[in-house]
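# Coordinates in review
One-letter residues, chain by chain:
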Amino acid sequence: MSPALSADGVIAAARACRFTLVGVAPAAPLDPAPFLHWLEAGYGSGLAAMHRRVAQRLDPGAVVPGARTVIALGIPYSAGKETAGQPERPVIARYARGRDYHLAHRDRMRALRHSLLEMDPTLNSYACVDAGVAMEKAWAERAGLGWIGKHGLVVSREHGSWFTLSVMVIDRSLDRYHEPHPRLCGDCDLCLRACPTGAFPAPGVVDARLCLSFQTVENHESIPVALRAALAGRAFGCDACQEVCPYNHAGLPPGDPRQTARPIGLMSATEIATLGRDDFARLAAGTPMARAGYHGLRRNAALALGSDGRPGARAALVQLSRDTSPLVSEAAQWALGHGR
Ligand code: B12
Ligand code: SF4
Ligand code: SF4
């Protein structure tokens, strides 16, 4: 059996690769019950990938033979001081305003893997950011980065919940591990009450079908009429449950400098609704917004404008109602007829 690696050495290597939050946990299988219940209840029915490779998602040993350790990694993004002075509030969720976090984690995990191979050239690993098979929040909690809050996201005492996650599974033990983080929500239920669509069937559990993040990012068809009014002020992702959290108070440390907001991330709904195709391609490249696509983002902006009743919105909506994309024109027509 290979000797255990030094936890301090692994943590220092991860920090040297510019991961701000780092924790380590033994790679014991996760309790399958919450995830299986979530799938069976249909809460993830629009997310096909979540229904695949379920056994691997719950057990790191099914992904890396002989898995011993999970390294949980976090990169903070900006808590949003850049909104100050904007003529209209940005309508893009904070995590999506800057460089695509998948790319940031991927680059840094590549460097970390390289460092770990220098410590032990025969080590095997599996790295996951978002779309891979790992339940990143459960590992972050186990590795002591923070706790899963009632809004279903990991909250750190130091960084609030404004950070993204990745995990790396390795087939080596460490000489010590972090303790799982205790849940510190207490009696608070501010996030549960702040959700504009009632997407929490229970504390800590999200029905993705009702979540505006799913609707504006992953749904490439028409957005259900019943959810449209809740899109006021939101054109990509949703931060409503995080904005109210007392742990996301002013005075958190700044986000990673490479995750700073780009110009498209600070645009208003009117600016996004009237973006030209070439400008969208240029400005959204390398940001999470590219995922929604040109038509998807303008569909969202049309609904956000209509629901917000913003001055000047009507002219933009009339223009969009004649758009060649049925997705966009239908949304704009609805907004003209049903908006505030
Ligand atoms: C599917 C998914 C979604 C779906 C479903 C959301 C969800 N909560 O499951 C949709 C598209 C809606 C979504 C939205 C968002 N997402 Co998302 N999403 C994921 C993904 C790919 C998988 C999550 C998953 O496994 N869900 C299934 C459920 C069952 O798993 P779970 O929530 O971990 O289950 C635990 C809880 O239910 C908990 N639990 C059970 N009972 C109880 C009871 C109590 C009281 C509590 C407290 C907990 C609790 O235990 C379970 C097991 O540990 C992860 C990346 C990854 N690979 O992990 C990113 C991820 C969770 N998303 C992320 C982000 C940033 C978001 C958004 C904030 C984006 C935005 N601003 O618009 C929103 C937030 C919505 C919300 N309130 O959760 C980040 C979260 C970072 C963080 N600090 O926690 C992740 C980790 C991506 C990343 N790599 O950084 N997301
Ligand atoms: S992201 Fe928005 S819609 Fe989704 S659970 Fe949080 S508040 Fe509700
Ligand atoms: S708002 Fe309150 S209940 Fe929700 S995650 Fe923050 S502390 Fe927990």
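Note that the structure is predicted; figures quoted are calculated from it, not measured.

## Topic: the packing of aromatic side chains
Centre-to-centre distance and the angle between the planes together describe a pair of aromatic rings. Applying the stated criterion across every chain yields a total of six aromatic pairs. Look at Trp 147 and Tyr 247: their rings are 4.8 Å apart centre to centre, the planes differ by 80°, and that puts the pair in the edge-to-face class. With Trp 147 in strand S4 (residues 147–148) and Tyr 247 in the loop between helix H9 (240–243) and helix H10 (269–273), the pair connects residues that are 100 residues apart, well separated along the chain. Residue classification places Trp 147 among the buried residues on the basis of a relative accessible area of 0%. Look at Tyr 247 and you get partly exposed, because its relative accessible area is 24%. Here the aromatic rings of Phe 280 and Tyr 294 are separated by 5.7 Å at their centres, their planes lie at 45°, and the arrangement is tilted.

## Considering the domain arrangement of the protein chain
When cut into domains, the protein chain gives domain 1 (7–170) and domain 2 (190–338). Computed over C-alpha atoms only, the centres of domain 1 and domain 2 are separated by 24 Å. Both sides of the domain 1 and domain 2 interface together cover about 4,100 Å² of buried area, and 57% of this is carbon and sulfur. The interface formed by domain 1 and domain 2 holds two salt bridges in total. Asp 256 is paired through a salt bridge with Arg 108; the nearest N and O atoms lie 2.8 Å apart.

Analysis parameters
- Residues numbered from 1 in each chain as written.
- Chains lettered and ligands numbered in written order.
- Predicted model: local features only at pLDDT ≥ 70, side-chain atom pairs only at ≥ 80, totals over all residues.
- Heavy atoms only, no water.
- Phe/Tyr/Trp six-rings, centres within 6.5 Å; stacked < 30°, edge-to-face > 60°.
- Helix = DSSP H or I, 4+ residues; strand = E, 2+ residues; numbered from the N terminus.
- Buried < 20%, exposed > 50% of the residue type's maximum accessible area, 1.4 Å probe, protein only.
- Domains from an automatic or database assignment.
- Buried area = accessible area lost by both parts, 1.4 Å probe.
- Salt bridge = Lys/Arg side-chain N within 4 Å of Asp/Glu carboxyl O.

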